[in-house]
Amino acid sequence: MPKIIHNLNARIEQAAMELFNTYDYNQVDMKMIAKKCNIAVGTLYNYYPNKKQLFIHVLEESWSTTSHSLDEIYEMALLPEEKLSRSIEVLYDDIHGRKGMGKLIYKILAYQEMEAEMTDLFHQIFFQIERLFENFEKKSFSCIEESLNIRLAKSLIAIIQNTVSSYPHSREDNLHFIQDFFYNSMHVDLGLKKNYLKEHTI
């Protein structure tokens, strides 16, 4: 009678996330993931046909809750500054709470030769972040407007990941720093931010 392994899919996902966080995408293979789960490679292939599909699945699962929250904020009747502040909080808390999500997004940024499925996931993630900046004038930037929002989106993820890693116990200071960084970059009236903070406890 075959041995029944409980919660194996969750174990596979956790093992894969840990390995993808530790090593470059090209350094991880299915044998490493199977070994970390203490299962046969053939068993792993019964769940996922290849490493790419497992990587995409792990990131999609991690991103799904964040994606839903960002969509809800985007549909609210709020000033762009308020949407940005709330979205920064969501991204920060989710990246901090689900350790590994920020690093996995980094992997997509660093992986130059993305295949079609990864490209689609990349656009899905960064479309939701890019649109946070679409209604700001951004007078202080000299690069091409068409590429500016994606640069800001990538920078936001990078700064959040960096502050979470470097100052994991300084949530309020980190959020203030991130918000001020982007508000100052776009010459947003900081009075708007102060009013927002009075109404929303960080």
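Residues numbered from 1 in each chain as written. Predicted model: local features only at pLDDT ≥ 70, side-chain atom pairs only at ≥ 80, totals over all residues. Heavy atoms only, no water.

**Student:** Quick question: what am I supposed to make of helix α9 (residues 171-185) here?
**Tutor:** For the α-helix, the turn length of 3.6 residues means that residues three or four positions removed from each other point alike. Helix length check: α9, at 15 residues, gives a terminal C-alpha distance of 21 Å against a target of 21 Å (1.5 Å per residue), a fit within 8%. Those residues of α9 that fall on the buried side of the exposure criterion are N174, L175, I178, Q179, F182, Y183 and S185. (Helix = DSSP H or I, 4+ residues; strand = E, 2+ residues; numbered from the N terminus. Expected span 1.5 Å × (residues − 1). Buried < 20%, exposed > 50% of the residue type's maximum accessible area, 1.4 Å probe, protein only.)

**Student:** Explain the pattern of salt bridges to me, please; I cannot follow it from the model alone.
**Tutor:** All chains considered together, the criterion is met by 4 salt bridges. Here K36 makes a salt bridge to E18, at a shortest N to O gap of 3.3 Å. Here the residue K36 occupies a position in helix α2 (residues 30-37), and E18 occupies one in helix α1 (residues 8-22), the gap between them amounting to 18 residues. Residue classification places E18 among the partly exposed residues on the basis of a relative accessible area of 33%. Among the ionic pairs, R131 bridges to D71, the shortest N-O distance being 2.4 Å. Of this pair, R131 sits in the loop between α7 (116-130) and α8 (145-166) while D71 sits in helix α4 (residues 51-75), and the two are 60 residues apart along the sequence. According to the relative accessible area criterion, R131 is buried, its value standing at 11%. (Salt bridge = Lys/Arg side-chain N within 4 Å of Asp/Glu carboxyl O.)

**Student:** Please clarify how the environment of Q124 should be interpreted in this entry.
**Tutor:** Of note, Q124 is situated in helix α7. Look at Q124 and you get partly exposed, because its relative accessible area is 38%. In the structure, Q124 is positioned 57 residues away from S67 in sequence and 9.1 Å away in space, judged by C-alpha atoms.

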